[in-house]
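# Chain and residue survey
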Amino acid sequence: MNPLLSHFTRFDPETGIVEGVPGISRRLADLRGAFTDEDAYEAALRRGNPVVYTVSSVSAGTGEGALHYGIGVLYPGTIGQEYFLTKGHLHSWRAAAEVYVGLKGEGKMLLEDEATGGSTIVDLLPNSAVYVPGHTAHRTVNVGATPLVYIGVYPAEAGHEYREIAKKNFRMMMIEVDGKPVAVKREEYLKGGLV
Ligand code: S6P
Ligand code: ZN
């Protein structure tokens, strides 16, 4: 038995803080390039640099077959019409899949097949799970008015690859129209359509 392995972790369902684990915070300034409306992004940054999300990762198990997991808390908010979101990533080990379980709040997951660019948008809600296959970029979006809390479980060897997303972003985006979340293609949004 790995002496570092802890079988039990307790986390605060409001903050996602796991006992004994330093969390990471992503602030608005860390999300440059993730929002499409650059003017709205710069204007929001001039007003402040709020925490958009936190992740507390538990990586006790190591080696082949081990799993890691993270508790994410994505706060509610918008930049222009775009809801607060995570940076989004592929796994460095592309075949690594992941399971998300919704705990609180109302979210969507943007899934994008790396090879085909095909998009799937899935609800991330309490008492529900989302399977993210390998080779699939994934981003979480908070489309509700309260913090979105979730847990993601993935192979210890998955790793995170952010460069591909930073280069071209996701093809789909979630925007607020008349107070409701609407999915639009980024290229259509940039043309000014569907809004
Ligand atoms: C890790 C898992 C999540 C994300 C978290 C933040 O594989 O998918 O714990 O790390 O949702 O997203 P991101 O894109 O900033 O890592
Ligand atoms: Zn992941």
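The text that follows walks through the structure, step by step, so that each part is easy to find. Position numbers for residues count from 1 along each chain, tracking the sequence in the order it is written. For this description, chains carry letters from A and ligands carry numbers from 1, given in the order in which they are written. Thresholds applied to this predicted model are a pLDDT of at least 70 for local features of residues and 80 or more for the giving and counting of side-chain atom pairs; totals over whole chains, interfaces and linings are not thresholded and use all residues. Each side-chain value is derived from all of the structure's non-hydrogen atoms; neither hydrogens nor water enter the calculation.

## Focus on the pairing of strand β10 (residues 136-142)
The cut-offs for exposure are 20% and 50% of the maximum accessible area for each residue type, with area from a 1.4 Å probe on protein chains only; residues under the lower value are buried, those over the upper are exposed, and the others partly exposed. Only DSSP runs of H or I reaching four residues or more are called helices, and only runs of E reaching two or more are called strands; each is numbered from the N terminus. Counting buried residues in β10 gives 7 out of 7 residues, a clear majority hidden from the surface. In β10, alternate side chains face the same way, and those of Thr136, His138, Thr140 and Asn142 on one face and Ala137, Arg139 and Val141 on the other are all buried. We call two strands paired when DSSP finds no fewer than two bridges between them. With 7 bridges joining them, strand β7 (residues 107-113) and β10 adopt antiparallel strand pairing. Residue pairing in the sheet places glutamate 112 in a bridge with alanine 137 of β10.

## A short note on the sheet that holds β7
Strand pairs in the sheet, formed through backbone hydrogen bonds, run parallel or antiparallel to each other. With antiparallel pairing, the 3 strands of this open sheet are ordered in space as β8-β7-β10. Two strands lie at the open edges of the sheet, namely β8 (119-124) and β10, each paired on one side alone. Taking the axes of each pair of neighbouring strands and ignoring which way they run, one obtains an average angle of 20° across the sheet. Here β7 pairs with β8 via 6 bridges, running antiparallel. Within the sheet, the bridge partner assigned to leucine 111 lies in β8 and is threonine 120. Between N-to-C directions, angles cover 0 to 180 degrees, with each direction set by a line fitted to C-alpha atoms, over the stretch in contact for helices.

## Digging into the site of ligand 1
The criterion for a residue being near a molecule or strand is simple. One of its heavy atoms has to lie within 4 Å of it. In the region of ligand 1, 14 residues are neighbours, and Tyr53, Glu98, Tyr100, Tyr150 and Tyr162 sit closest. Identification of polar contacts relies on pairs of N or O atoms within 3.5 Å, with a donor-acceptor requirement for protein atoms, meaning one able to donate a hydrogen and the other able to accept it, and with residues adjacent in sequence counted only if both atoms are side-chain atoms. Note that an oxygen atom of ligand 1 is positioned 3.4 Å from one of the side-chain N or O atoms of histidine 138. One of the side-chain N or O atoms of tyrosine 150 is found 2.6 Å from an oxygen atom in ligand 1. For every accessible area listed, the method is Shrake-Rupley and the probe measures 1.4 Å; residues are considered covered only by the protein chains on display. Here ligand 1, which alone exposes 390 Å², has 96% of that area covered by the protein. Among the secondary structure elements, those contributing two or more residues to the shell around ligand 1 are β2 (51-58), β6 (98-104) and β11 (148-155). Counted by class, the shell around ligand 1 contains 6 nonpolar, 6 polar and 2 charged residues. Under the grouping applied here, Gly and all other residues not named as nonpolar or charged are polar, the nonpolar ones being Ala, Val, Leu, Ile, Met, Phe, Trp, Tyr, Cys and Pro and the charged ones Asp, Glu, Lys and Arg.

## Details of helix α1 (residues 38-47)
Those residues of α1 lying buried are Ala40, Tyr41 and Ala44. Within α1, the buried residues cover an arc of 100° as seen down the axis, which keeps them to one side. Away from the buried face of α1 by more than 90 degrees, exposed residues Glu38, Asp39 and Arg46 are located. With a side-chain oxygen lying 3.3 Å from the backbone nitrogen of aspartate 39, the N-terminal cap of α1 falls on aspartate 37. The arc in question is formed by the directions pointing from the helix axis toward the C-beta atoms.

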